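Residue-level structure breakdown
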Amino acid sequence: MGSQTLQILRQGVWAALSGGWYYDPHQATFVNALHLYLWLFLLGLPFTLYMALPSSMIIVAVYCPVVAAVFIVLKMVNYRLHRALDAGEVVDRSANEFTDQRTKAEQGNCSTRRKDSNGPSDPGGGIEMSEFIREATPPVGCSSRNSYAGLDPSNQIGSGSSRLGTAATIKGDTDTAKTSDDISLSLGQSSSLCKEGSEEQGKFSSTLYETGGCDMSLVNFEPAARRASNICDTDSHVSSSTSVRFYPHDMLSLPQIRLNRLLTIDTDLLEQQDIDLSPDLAATYGPTEEAAQKVKHYYRFWILPQLWIGVNFDRLTLLALFDRNREILENILAVVLAILVAFLGSILLIQGFFRDIWVFQFCLVIASCQYSLLKSVQPDSSSPRHGHNRIIAYSRPVYFCLCCGLIWLLDYGSKNLTTSKFKLYGITFTNPLVLLSARDLVIVFTLCFPIVFFIGLLPQVNTFVMYLCEQLDIHIFGGNATTSLLAALYSFLCSIVAVALLYGLCYGALRDSWDGQHIPVLFSVFCGLLVAVSYHLSRQSSDPSVLFSLMQSKIFPKTDEKNPEDPLSEVKDPLPEKLSNSVSERLQSDLVVCVVIGVLYFAIHVSTVFTALQPALKYVLYALVGVVGLVTHYVLPQVRKQLPWHCFSRPLLKTAEHNQYEVRNAATMMWFEKLHVWLLFVEKNIIYPLIVLNELSSSAETIASPKKLDTEFGALMITIAGLKLLRSSFSSPTYQYITVIFTVLFFKFDYEAFSETMLLDLFFMSILFSKLWELLYKLQFVYTYVAPWQITWGSAFHAFAQPFAVPHSAMLFVQAVVSAFFSTPLNPFLGSAIFITSYVRPVKFWERDYNTKRVDHSNTRLASQLDRNPGSDDNNLNSIFYEHLTRSLQHSLCGDLLLGRWGNYSTGDCFILASDYLNALVHLIEIGNGLVTFQLRGLEFRGTYCQQREVEAITEGVEEDEGFCCCEPGHVPHVLSFNAAFGQRWLAWEVVVTKYILEGYSITDNSAASMLQVFDLRRVLTTYYVKGIIYYVTTSSKLEEWLANETMQEGLRLCADRNYVDVDPTFNPNIDEDYDHRLAGISRESFCVIYLSWIEYCSSRRAKPLDVDKDSSLVTLCYGLCVLGRRALGTASHHMSSNLESFLYGLHALFKGDFRISSVRDEWIFADMELLRKVVVPGIRMSIKLHQDHFTSPDEYDDPSVLYEAIVSHEKNLVIAHEGDPAWRSAVLANSPSLLALRHVMDDGTNEYKIIMLNRRYLSFRVIKVNKECVRGLWAGQQQELVFLRNRNPERGSIQNAKQALRNMINSSCDQPIGYPIFVSPLTTSYADSHDQLKEILGGPISLGNIRNFIVSTWHRLRKGCGAGCNSGGNIEDSDTGGGTSCPGNSTTSASDPHNNVSQGSTGHPGQGTGSGLHPPTTSYPPILGTSHSAHSVQCSLVRQSPARASMASQSSYCYSSRHSSLRMSTTGFVPCRRSSTSQISLRNLPSSIQSRLSMVNQMEAASQGGMGCTQHGLPSSSSSSQSIPACKHHTLVAFLGAEGGQSGATEAQPGNTSSPANISHPRKGEVIYRVQIVDLTQILEGINVSKRKELQWPDEGIRLKAGRNSWKDWSPQEGMEGHVVHRWVPCSRDPSTRSHIDKTVLLVQIDDKYVTVIETGVLELGAEV
């Protein structure tokens, strides 16, 4: 503890005060001395020049060049030294060679070098490479004590020893050779050396390391001739390097062994431990300490092309001297900043801003800023990350330059003020005294730099730029919070551009003439454009990345090239495309809406309504905004809370799910949610724009007057104020009504004389109120955290700090005010009651974009997957649930917030979602108009003890508390007791709702050990394993190919023998059901006894059944595969299947796909590896699910048909995969209904195997709103404690549980390694357009495309309804109903709903019961031929039964509502029916049987009537096929159609039995097929055939496989394509085979040989095919 404290004092406190200099006892004297003298030089130089020279520019002229020269030399040398280490030109010298290197120089060319390479004249020892060519710098410890050789694993080097002799010089003095401790070898990229003299070696690529460490020493210069003599030719080609350590006895004691290994570059030999070189041999041939001192290793540092020096040190030594600047630009920036600091500092010195001791203090500040560019403080108190932070080194000089520039500007402004005065609220901002006071304040702040940076009040530069742009954009321009530095700059730039465009219009309007009753038209144009621009900016996200990618995809479209060999090619994340589509829809909607809004508000403003109705209009608007705001943002959220006003024990307005124990459906929309949406819509889109326009009209002339701000500056203020008020009202209107009401009351009734027009009053008060809200949250956090009756001391320091903080309460309040002004966190120091102000941060808070990277097979090596099973911990595996929760929130969060389901919310708010096992913190970052950007942080499933205590606190109820002070008298029903109400007011969090419904996965885990404990259960699993293999091989489309494969036939030749038996010892009679005890193995005969019936049944289910007898090739293939599969299971179990642990290990290995073929008899499988991937692997996975089902119904699967159907069902509805498989993540994110996996985790050193079952369902969450300043403060405290103060105690007091603040949950949600969340999502944006319930209220986006679709669909409906008239002049649908036909438009509406059973009185059928209330009034016909359809059902049936163009397709055709229609349809569930395009039905479109029967009826009627009356309507059977059926024969046709359809007359003749039109709408065999044309590609359901949900029942399995993109391949349907309808699915159909899964009719259209599933609204009917 003491050493850690000293380290913090040295590297933290003292280094922060001095700018980076401190004494490091772990470094050499040279390093510490150089640091000390350099720091003293930087401190003494400006102070000496100021004291010695007169205060003139001479000081600047001397000081700046000297600093520039010093920094240029130091940075250049430092950069070159790092490059030398990267190049790795290492030279080894003996001690004797160092003494003689000036007088001796080896002469001769390369041939003599080769000739004498092994001669005794070589003065050195060991093996020395002439050139050390590296692709990477050696790792840690690349010094004379620790040398590494770069070797190539690809074994590509020269040919034998001659090449080594070419590349290296072997020196013969063996006595000297044995003195080297380690010998450095490095083989790298090829280079041609020493051809006709000394050629310079090329540049070396460098990989940046920061490792190594030893002393530095300079040696004498070596002439170029020496370097030339050391170079010789080499042809070695090495593509990469592998670090291998060599000891001296390896090369010198047994030279031939090591030489052969080196020549072959066999990495296995090089990396393995040398068995032959035992310690005894090492002792015999090993080196001595005396010899180790005779060899020197150093790097070549080139000063000139022909001149170099050797440096005897490594990377760590250099890093201890100076920080590394990796790029040239970084070095240039550091030099420029050092010169700029010197220039600005010397300017301020000579101008006399500092006197006496403050001159020395200012020189100290200058020295600290310059020194930090050479050796920065690491870690700094404001550093957000562990380790070396490259950005933090530039903080001090940048802030110093800013402050110096500000001092100079303020001083210049105070001396050169113009005569014009700028005065607001009685304060003259152009007063010299104000500017001088500001200048002095900045001077004091600059002198306090050491203290400021020690406390950590200033962030790193990029954080400050992001914070500054974000704060200016929010408070000046009304923008939203930002998600990154690029987003902040982009949003700020967009705001400036908008202001610049609007300023011209405003300035031009203000220059025009104004009077009391006339406002210039140009100003009305400005107002309309201002509202439109504000609306558009409020709807745009600050992150431009999605917008840029959308533009790039439109301008430069890219084709997706999928590699069929890549297993990850099918895994695609749908989120980017979804976000891109949302942004595209919003842009298209804004294109229309902004024009409409601009024109509308221009018309309102130009109508003089804001002048003629004054002053009554403004008071009406103020009253309206007060009432609507109070109801929307206070009353409704309070009565919907779990504890309204902290007085009631249950919400006063309950949702439908409040009392449900388990929620099975999506949240039901309540009337108060609709009311909240409409009130919010009216408030932010109507009331606030009218208020702003009213204030613009009444205040513009006054603001632009010379008495106020004049025209130029007044136009700017009007533009900025209007833009800010409108954008903030559109984006976040939660607290706007309070600002408006307070401003009106304050400046209209209390201090009217101080008003600067209501427009500017609202502008400045909105800024003030945002800071006051922040101050209120901070004070609530502080008082809640330090309340003495609920304080929780986590350590002894907390107990000491609690009473110590009491006398400093006034200082704490001042800190709260200052931190609220600058929007900085107020964090508890080490978690205690002492609060300190942290540095400024943006709303996003964390500077790093830390996102959880889930470990799976897509980002780990194959070897590690097979051996070590990476990512097998619970936290990594469970993180996928939080990722799925993030996707669910992305879909619904924004809509739920607008519906008021999370209560009031604002930018930066934090919520906790708590469920049975999921506990996640949701941080709302950016809140716009119809969008929310958030980040989710998931906590551990099995958290610590402290986390569990806090989870209990937020989930336990308080209704049972009956305490009143110290007694328990009880409480009023549904009202909290006194103690409970008091306690709820002293919490930093509150429960908003207890039943928030969100789609997620319920997790069920069963211990695999308990399910496979006994042999009988393992036998069941093995049996299902074998049956699964048989199923998959018989259902495979490649079965015929496998049976015809000659390689497989040859490999299975032995298995084809009827007497064949496999006696592999891995087979176990306790596990294998077909084990032959007599033959001690699995014989073909015993296999057929058990499984032949199953093979026969599976084969019979094929489209083309195969021959299945005992001697058939199919049985042989199944037998071979089943034996192989079980042998693989035994091999993976280490042939110990009787042992449970080994059996589970092998089962898990096979489950994840680790099949190891160990027998020669199984090598036939390599003929086609698809057998393993598509047969054996699915077999073992399916067996686990079938084994689970065995517990619920043990004997059910004995029936082959039941088992077969179960496997088929599981294939469709269940995804079985290993959790490390990318397909698992893809299935979870694709909302698969059910998933199953076998999980292997290490828990406390023991292996646990669990069967994990996931079922998608609606989960219920408790939503807890946490004080956002509490979260920010605790996060800031953890960062400072772990990064700057280096507290590594896992049980530190700052993370102990504190229920009043949820301290542990909040601190554990920090970014790793500060916190320990198992998942941190990327910043995700949710759009309101994706929320279906919200779209039902407000409608979808209004775009040109949607308007076009609406007009086209409306025209088609009108054309079909009015295209032709009936003989009686009416339409076939409404000839009997008066055109009032309507039908349900929502598939959820049922006849059992009591709200829908509306009695129709006497208008219904006499025999109809209460259910007939669903049908419209109709005129009944007498029942004919056993039918009793109502007229409406009759006519709908007529139209649908006819396959002509005029036919009606389904009930959804009547209840037509386009998905793309942006105009909101009726929400009552009933919309007008579509009309038929003809009043009569063509006879030629009917079946011939019906035509003949109709002709017979006509002839009978004609004969009975004597040729009078209706004889004109006779239908000849042969010649009138093209005629139409008159209206008077409709009932007869209905009877025929009913009889033709095979309906039971007795059933239909029952009174009160009503048939829905959907129930008889599907075409049957024998009906005429009609053609359609595709007109809307968005209505195509291209993936419905492979959906796991089984939404539709298909007429044929073959058609299902062909009706989707998975079978289309390169083909895709296009607009204008025609095809004929082969099947239809209708909403609410009684027949499941024709029932649609949505409230629209779905058609199955055949186009050539392709099948397309399309919603009926996406096609145009062309008529019947004849």
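Residues numbered from 1 in each chain as written. Predicted model: local features only at pLDDT ≥ 70, side-chain atom pairs only at ≥ 80, totals over all residues. Heavy atoms only, no water.

Looking now at the overall build of the protein. Helices and strands together make up the secondary structure of the protein, namely 57 helices and 31 strands. Going through the 1666 residues of the protein one by one, you find that 55% of them count as buried. Within the protein, contacts between residues at least 6 apart in sequence are counted, and of these 77% link residues at least 24 apart. Only carbon and sulfur atoms are counted for the fraction: they give 59% of the accessible area of the protein, which is about 72,500 Å². (Helix = DSSP H or I, 4+ residues; strand = E, 2+ residues; numbered from the N terminus. Buried < 20%, exposed > 50% of the residue type's maximum accessible area, 1.4 Å probe, protein only. Contact = heavy atoms within 4.5 Å. Areas by Shrake-Rupley, 256 points an atom, 1.4 Å probe, with all protein chains shown as cover.)

The subject of this paragraph is the sheet that holds strand β30 (residues 1650-1655). Spatially, five strands are ordered β30-β29-β28-β27-β31 in an open sheet, and the strand pairing comes out antiparallel. Looking along the sheet, the strands with just one partner apiece sit at the ends: β30 and β31 (1659-1664). Direction aside, neighbouring strands of the sheet carry axes that sit 40° apart on average. Judged from the five bridges that link them, strand β28 (residues 1618-1625) and strand β29 (residues 1642-1647) form a sheet pairing that is antiparallel. Residue Trp 1625 lies in a different strand from β29, and its bridge partner there is Val 1642. (Pairing = 2+ DSSP bridges. Axes fitted to C-alpha atoms, helices over the stretch in contact; angles between N-to-C directions.)

Tracing the sequence through the fold places Val 31 in helix α2 (residues 29-52). In this structure Val 31 comes out as buried when scored by relative accessible area, which is 4%. Sequence-wise, Val 31 and Thr 317 are 286 residues apart; in three dimensions their C-alpha atoms are separated by 8.2 Å. Not counting residues up to four positions away in its chain, the partners in contact with Val 31 are Ala 320 and Leu 321.

Let us now look at the pairing of strand β22 (residues 1324-1327). Burial of β22 is two-sided: the residues Thr 1324 and Ser 1326 facing one way and the residues Thr 1325 and Tyr 1327 facing the other way are all buried. Here strand β14 (residues 931-938) pairs with β22 via four bridges, running antiparallel. Across the sheet, the residue bridging to Phe 934 is Thr 1324, located in β22.

This brings us to unusual backbone geometry. Backbone torsion omega between Gln 378 and Pro 379 reads -5°, so that peptide bond is classified as cis. Tracing the backbone shows Pro 379 in the loop between α16 (357-372) and α17 (395-415). Residues other than glycine seldom take positive phi values, yet Asp 710 does so here, at roughly 70°.

This part is about helix α44 (residues 1170-1192). For an α-helix, the turn length of 3.6 residues means that residues three or four places apart are oriented alike. For α44, built from 23 residues, the straight-helix expectation of 33 Å at 1.5 Å per residue is met to within 8% by its first-to-last C-alpha distance of 33 Å. A maximum bend of about 25° is found in α44 at Gly 1179. α44 sits mainly inside the fold: 19 of its 23 residues count as buried. (Expected span 1.5 Å × (residues − 1). Bend = angle between axes of the 7 residues up to and from the residue.)

Let's shift gears to the pattern of salt bridges. Here the structure, examined in full by the defined rule, presents 51 salt bridges. One salt bridge in this structure joins Arg 1225 and Glu 883, with 2.5 Å as the shortest N-O distance. Linking Arg 1225 in helix α46 (residues 1222-1229) with Glu 883 in helix α34 (residues 874-898), this pair joins segments that are 342 residues apart in sequence. For Glu 883, a relative accessible area of 10% translates into the label buried. A salt bridge links Lys 1250 to Glu 1248, with the shortest nitrogen-to-oxygen separation between them at 3.7 Å. Its relative accessible area of 26% is what places Glu 1248 among the partly exposed residues. (Salt bridge = Lys/Arg side-chain N within 4 Å of Asp/Glu carboxyl O.)

The next point concerns empty space enclosed by the protein. Counted as a void, the largest cavity has a volume near 740 Å³. If you trace the largest cavity, you find 34 residues lining it, with Ile 474, His 475, Ser 770, Thr 907 and Lys 1268 closest to the centre. At the level of elements, α20 (461-475), α28 (710-731), α29 (736-750), α30 (758-786), β13 (919-928) and α47 (1268-1284) are the ones that each hand at least two residues to the lining of the largest cavity. If you tally residues by element for the lining of the largest cavity, the top one is α30, at seven residues. Class assignment of the residues belonging to the lining of the largest cavity gives a composition of nine nonpolar, 17 polar and eight charged. The volume enclosed by the second largest cavity comes to roughly 410 Å³. If you list the elements that add at least two residues to the lining of the second largest cavity, you get α26 (616-640), α27 (671-703), α28, α34, β13, β14 and β15 (989-1007). Tallying contributions element by element places β15 first for the lining of the second largest cavity, with six residues. Looking at side-chain class alone, the lining of the second largest cavity contains 18 nonpolar, 15 polar and eight charged residues. (1 Å grid on protein atoms, 1.4 Å probe; cavity = no way out; pocket = protein on both sides within 12 Å on 5 of 7 lines; lining within 4 Å. Points joined across faces, edges and corners; volume = space filled by probe spheres on them. Nonpolar A, V, L, I, M, F, W, Y, C, P; charged D, E, K, R; others polar.)

This paragraph deals with the nonpolar core. Formed by 125 residues in total, the largest nonpolar core has its most connected members in Leu 889, Trp 902, Leu 924, Phe 1087 and Leu 1121. The greatest single-element share of this core, amounting to twelve residues, is contributed by helix α42 (residues 1113-1132). Membership of the second largest hydrophobic core comes to 66 residues, among which are Trp 514, Leu 690, Ala 704 and Tyr 737. (Core = buried A, V, L, I, M, F, W, Y, C linked by side-chain atoms within 4.5 Å.)

Two numbers describe how helix α15 (residues 328-350) lies on α16: the axes approach to 10 Å, and their chain directions differ by 170°. Looking at the two axes, α15 sits roughly antiparallel to α16. Of α16, the residues touching α15 (which contributes Ala 338, Val 341, Ala 342, Gly 345, Leu 348 and Leu 349) are Val 359, Phe 362, Cys 363, Ile 366, Cys 369 and Gln 370. (Parallel < 35°, antiparallel > 145°, perpendicular 65-115°, else oblique.)

On to the pairing of β14, then. The buried fraction of β14 amounts to eight of the eight residues, a majority that puts the element mostly inside the structure. Of the two faces of β14, the one carrying Leu 931, Thr 933, Gln 935 and Arg 937 and the one carrying Val 932, Phe 934, Leu 936 and Gly 938 are both buried. Between β13 and β14, which pair antiparallel and follow one another directly, the connecting turn spans two residues, one of which, Gly 930, has a positive phi of 85°. Sheet topology places β14 next to strand β21 (residues 1319-1320); two bridges connect them, and they run antiparallel. The residue bridging Arg 937 from the neighbouring strand is Val 1320, located in β21.

So, about the packing of aromatic side chains. Inspection of every chain in the model, using the stated rule, returns 60 aromatic pairs. Between Trp 902 and Tyr 996, the ring centres sit 5.4 Å apart and the planes meet at 85°, which makes this aromatic pair edge-to-face. You can see Trp 902 sitting in the loop between α34 and β12 (910-914) and its partner Tyr 996 sitting in strand β15, a full 94 residues away along the chain. Take Tyr 996: its relative accessible area is 3%, and that puts it in the buried class. Ring geometry for Phe 1087 against Tyr 1091: centres 5.3 Å apart, planes inclined by 40°, an arrangement best described as tilted. Linking Phe 1087 with Tyr 1091, this pair stays in helix α41 (residues 1084-1100), spanning four residues, or about one helical turn. With respect to class, Phe 1087 is no different from Tyr 1091; both count as buried. (Phe/Tyr/Trp six-rings, centres within 6.5 Å; stacked < 30°, edge-to-face > 60°.)

A cluster of acidic residues, Glu 960, Asp 961, Glu 962 and Glu 968, forms a negative patch at the surface. Relative to the helices and strands, Asp 961 resides in the loop between α35 (945-955) and α36 (978-984). Take Asp 961: its relative accessible area is 31%, and that puts it in the partly exposed class. (Patch = residues over 30% accessible without salt bridge, like charges linked within 9 Å, V, L, I, M, F, W, Y side chains within 5 Å. Lys, Arg positive; Asp, Glu negative; His and termini not counted. Charge placed at Lys NZ, Arg CZ, Asp CG, Glu CD.)

The next thing to look at is a nonpolar patch on the surface. Together, Val 627, Leu 630, Val 631, Tyr 634 and Val 635 line one region of the surface with nonpolar side chains, adding up to about 370 Å² of accessible area. Looking at where Val 627 falls in the secondary structure, it is placed in helix α26.

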